[in-house]
Amino acid sequence: MSLIKEKDDRIAIVGYTRDLVRAMREVAVAGDFGRLRRHVEAAMSGGWLDRDSHGMHPVVRGLDTAVTLCRSVAPDRNMVVATMLSRVVGPEISVENIREEWGNDIAELVEGLTRVSSLYGKGNIVFTENFRNLLLTFARDLRVIMIMIVDRLALMTTINHHPDEDFVKGVARESALLYAPLAHRLGLYGIKSKLEDMALKYTLRDTYTMIARKLNATKVARDAYIADFIAPVKQRLEKEGLKFDIKGRTKSIASIYNKIKKQGTDIDRIYDLFAIRIIIDTPAEREKTDCWTAYSIVTDMYQPNPSRMKDWISVPKSNGYESLHITVMGSGGRWVEVQIRTRRMDLVAERGLAAHWKYKGLKAENNLDAWMNNVRDILEAARSGEQSDLMRELRMDVYDNEVFVFTPKGDLYRLPLGASLLDFAFAIHSRLGCICTGGKVNGKNEKLSYRLRSGDTVEVMTSPQQTPKQDWLSIVVTSKARNKIRQTLNERAGRDVELGKELLSRRFKNRKIDVEEAVLMKVIKKLGFKTVTEFYSEIQSNHLDPSTVIERYLELSAPQEAAEKISAGEFMLQNQEADPEQSTGNDVLVIGDNVRGISYRLSKCCNPIYGDEVFGFVASDGAVKIHRGDCPNAMHLRQRYPYRVIAVKWSGKLGSLLGVSLRIVGRDDIGIVTNITSIINKEKNVALRSMAIDSHDGIFQGQLTVGVPDSVTLQSLIKKIKTVKGIKDVERS
């Protein structure tokens, strides 16, 4: 079986190579194919180019994608070479090797494609955390998007009869969710239609088959109808002296299916099932004139539907698409969509603006760049786990209609249908949107939520006191506005948290109370707050009194022995063997007047260790609790229960490790946790017992519990941790 597969691979490689040589003849540089062949042979002989888990050979996939790229988009040398080289990157062929031999541009493309491939190795990408990383890779270079779209088209064609049905459906869903919208945005309408058709075929095969059979059954009658419709139009266009081609077609199966769902009807009742395309050969200076001439001829001959008229010539779409669309009623009361465009417009519409940089002076190129910049902004500001929101925002402007709005100076802005006055303010400038209070639309005062209509003239009103509100997110529809509002709200929340922390910290210091984070977290929970951010924001806004927090803190941190009032006479030191679970060993502590063997416990509120200045506090059960001299509860115990405080000193040397909590604050830099744990692990007689990490707005906070034998070792450890880059403070808690 392996010999048969290997033979099939070699046959496919030979066939695709011939096709690629023919397609690349005009743009290839001498020696390109020889060098590519050497790379492929080296990779195949090196043993890292086996078939993947789904039975597909990487070289065959690469050649298939390269040939499809030439046929569907444009035979671009660097893109084709990068497509092939990205398949053979391995132990002996690195990106740096490619950079030295082929140049920086091809190496950058290979690096982007390799990064995408590595993400795909982790599973179904659209439904994982890696989806955002994939899109960020896409957004760095427009050509990477185009290559991956074409690669997906080639893959979808290949897997038609693949035995793994789950794999096929997963690829199909991904194509419909991600690649078809991206193809549409880049103007690759032919690829977009093919991807949508195949996605429908693989996910709803019965539905696809039903529509396809109905179309096939009526093909002869449909072709005859289109021919009868075209004939008189052709005569009139020739009479006007226009040079042109006319194509008749039926809408794609996926488009028909979407209309069936949207209109809740049957295929026989879809009124614009037919589409006619008139492509005019004309010089650039006569493009608009000749298109409108053809438009006049068609609408004179057939009754138009004004509500279905779309003028993408006067104001092209953001992806460069230019065309006149009109729906007219043909014979028999059947609606037919007519598209009118020039040869140049058709080439851009079929293969995408991004593939045809030779057409200079197109306004849409800047719009396409603006869209890509917007995509980058969305992705870079998005938080982990928001891939569903990313999908919605990226798809938002793709299939919806657009509105065109003017400033008082006559500048034209394009926005998605349903955009608000607030969206318009953010479209002009993010800073303007943040201080927008409303506006005048056609001279009339309107609120932020006003929904724009094409032709509106809008003057934005502002106030320096205005700031973005949470409810603004329900007003705007554009990703740029939503992204900026979220960013501003997050920054403001971060500032509120810092101010709240500072305010509470000052109040604790005024009361001379050292804050223990674990107890404060309990207080926050007891007060009913779900997040620390909400807690500090309430303090900053004066909705929560810091005094209330401090009182609750003292209640939770008060020692248990203070709850029971017993006279000094009722207490007596019992001379008995210490419980090994309570005492830390014999002769470690000398209590009172050289008394040894007393039952004692090291207090958990301050965790004293060998070498600390300590004192004893007699508990209700007769045992002695050992506190540090600087324990947060020391002053309270000495003032309120002086008769229960006894002198204690260390004696001998402790053989076991005692737990100590450290609070660490610093910048949230990559590797900071690794550096801290590395220092602890290298220390003799020191053990890391637990670690709790929290990061917010770039600030790292860690609560560590370490086992140390004495205070000298602890101080040495603290000094070493403070040397870690990014650490601002280390203190014992």
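Residues numbered from 1 in each chain as written. Predicted model: local features only at pLDDT ≥ 70, side-chain atom pairs only at ≥ 80, totals over all residues. Heavy atoms only, no water.

**Quick notes on the overall build of the chain**
Formally: Secondary structure counts use DSSP, requiring at least four H or I residues in a row for a helix and at least two E residues in a row for a strand, with both numbered from the N terminus. By the convention used here, residues are in contact when the closest approach between their heavy atoms is within 4.5 Å. Surface exposure here means Shrake-Rupley accessible area, sampled with a 1.4 Å probe, where a residue is shielded only by the protein chains that are shown.
Tallying secondary structure elements over the chain gives 26 helices and 20 strands in all. Sequence-distant contacts in the chain: of pairs separated by 6 or more residues, those separated by 24 or more amount to 67%. When the accessible surface of the chain is split by element, carbon and sulfur atoms take 49% of a total near 37100 Å².

**Some remarks on the packing of helix α12 (residues 219-239) against helix α14 (residues 287-301)**
In a packed pair of helices, the relevant descriptors are the angle between the two axes and the axis-to-axis distance. The condition that has to hold: The convention used is that axes are lines fitted to C-alpha atoms, helices contributing only their stretch in contact, and that angles between N-to-C directions extend from 0 to 180 degrees. Oblique is the label for any angle not under 35 degrees, not over 145, and not in the 65 to 115 range, which are roughly parallel, roughly antiparallel and roughly perpendicular in turn. Throughout, a crossing is termed right-handed when the near helix is turned clockwise from the far one, and left-handed when it is turned anticlockwise from it by less than a right angle. Asp, Glu, Lys and Arg are counted as charged, while Ala, Val, Leu, Ile, Met, Phe, Trp, Tyr, Cys and Pro are counted as nonpolar; the rest, among them Gly, fall into the polar class.
Two numbers describe how α12 lies on α14: the axes approach to 10 Å, and their chain directions differ by 140°. Put simply, α12 runs oblique to α14. The crossing of α12 and α14 is right-handed. Residue-level inspection shows Pro232, Val233, Arg236 and Leu237 of α12 in contact with α14, the latter providing Ala294, Ile297, Val298, Asp300 and Met301. A class-by-class count of the residues in the contact of α12 with α14 yields seven nonpolar, no polar and two charged.

**Observations concerning the nonpolar core**
Keep this limit in mind: Among buried residues, those of type Ala, Val, Leu, Ile, Met, Phe, Trp, Tyr and Cys that are joined through side-chain atoms within 4.5 Å constitute a nonpolar core. Burial classification: accessible surface area is computed with a 1.4 Å probe over protein chains only, and a residue below 20% of its type maximum counts as buried, one above 50% as exposed, and the rest as partly exposed.
Counting residues in hydrophobic clusters, the biggest one holds 62 residues, and the most contacted among them are Leu85, Ile149, Met156, Ile159 and Ile191. No other element matches the eleven residues that helix α8 (residues 142-158) contributes to this core. Each residue touching Ile159, except ones within four places of it in the same chain, is listed here: Met56, Phe167, Val168, Val171 and Tyr202. If you look at the next biggest cluster of nonpolar residues, it comprises 26 residues, including Phe274, Tyr295, Val336 and Val338.

**Things to note about the pairing of strand β7 (residues 402-406)**
Operational definition: For two strands to be treated as a pair, DSSP must find at least two bridges joining them.
Across the five residues that make up β7, a large majority, four, are buried. Pairing geometry for β7 and strand β8 (residues 412-416), over five bridges, is antiparallel. Directly across from Val405, in β8, lies its bridge partner Tyr413. The antiparallel hairpin formed by β7 and β8 contains five residues in its connecting segment, where Gly410 sits at a positive phi of about 95°.

**Notes on the sheet that holds strand β9 (residues 436-441)**
With antiparallel pairing, the three strands of this open sheet are ordered in space as β10-β9-β11. Looking at the sheet topology across the chains shown, the edges are occupied by β10 (444-446) and β11 (458-462). Each adjacent strand pair in this sheet contributes to an overall mean axis angle of 30°, direction not counted. Taken together, the five bridges between β9 and β11 define a ladder with antiparallel strand orientation. Each bridged residue has a counterpart across the sheet, and for Lys440 the counterpart in β11 is Glu459. Helix α18 (residues 421-428) contacts β9, β10 and β11 of the sheet and is inclined by roughly 105° relative to β9.

**A short note on helix α22 (residues 532-540)**
Residues Phe535, Tyr536, Ser537 and Ile539 constitute the buried set of α22. Buried positions along α22 lie against α20 (479-510), α21 (517-526) and α23 (546-557). At the C-terminal side of α22, Asn542 shows a positive phi close to 65°.

**Details of the packing of aromatic side chains**
By convention here, two paired aromatic rings are described through the distance between centres and the angle between planes. Convention followed: Here a pair means two rings of Phe, Tyr or Trp (six-membered ring of Trp) with centres within 6.5 Å. Their orientation is stacked below 30 degrees between planes, edge-to-face above 60, and tilted elsewhere. For a Lys NZ or an Arg CZ to count as sitting over a ring, it must be within 6 Å of the ring centre and within 35 degrees of the ring normal.
In this structure the tally under the stated criterion is six aromatic pairs. An aromatic cluster is defined as three or more aromatic residues linked by ring pairs; in this entry it consists of Phe529, Phe535 and Tyr536. Stacked on the ring of Tyr225, the Lys or Arg Arg334 has its end atom at 5.4 Å from the ring centre. Stacked on the ring of Phe615, the Lys or Arg Arg638 has its end atom at 4.2 Å from the ring centre.

**Some words on the confidence of the model for the chain**
Using the following cut-off: Values of pLDDT, which run from 0 to 100, indicate the predictor's confidence residue by residue.
Residues with a pLDDT of 70 or more make up 80% of the chain, whose mean pLDDT is 77. Segment residues 354-368 is flagged for pLDDT under 50; beyond a separation of four residues in sequence, or across chains, it makes 33 contacts in the model. pLDDT under 50 marks residues 560-587. Its contacts with residues more than four places away, or in other chains, come to 44 contacts.

**What about the pattern of salt bridges?**
To keep things clear, this is the line we draw: Salt bridges are defined by distance alone: a side-chain nitrogen of Lys or Arg within 4 Å of a carboxyl oxygen of Asp or Glu.
One pass over the structure, following the stated rule, counts 26 salt bridges. Across the pair Arg628 and Asp630 runs a salt bridge whose closest N-O atoms are separated by 2.9 Å. Judged by its relative accessible area of 8%, Arg628 falls in the buried class. Through salt bridges with shared partners, a single ionic network connects Asp32, Arg35, Arg77 and Glu101.

**Observations concerning unusual backbone geometry**
One non-glycine residue, Asn442, adopts positive backbone phi at about 55°. Positionally, Asn442 belongs in the loop between β9 and β10.

**Details of the pairing of strand β16 (residues 645-650)**
The alternating pattern of β16 places Ile646, Val648 and Trp650 on a buried face, while none of Val645, Ala647 and Lys649, on the opposite face, is buried. Pairing between strand β14 (residues 614-618) and β16: three bridges, direction antiparallel. Counterpart to Gly616 in the pairing with β16 is Ile646.

**Some thoughts on the environment of Asp423**
For the record, the criterion: The definition of a polar contact used here is a pair of N or O atoms within 3.5 Å, where within protein one atom must be able to donate a hydrogen and the other to accept one, and adjacent residues in sequence count solely through side-chain atom pairs.
Turning to its location among the elements, Asp423 is positioned in helix α18. Exposure remark for Asp423: the relative accessible area of 0% places this residue in the buried category. Leave out the neighbours within four places in its chain, and Asp423 touches Leu415, Arg451, Ile475, Val476, Val477, Thr478 and Ala481. Within the local environment of Asp423, its side chain forms a polar contact with the side chain of Thr478, the two groups lying 2.6 Å apart.

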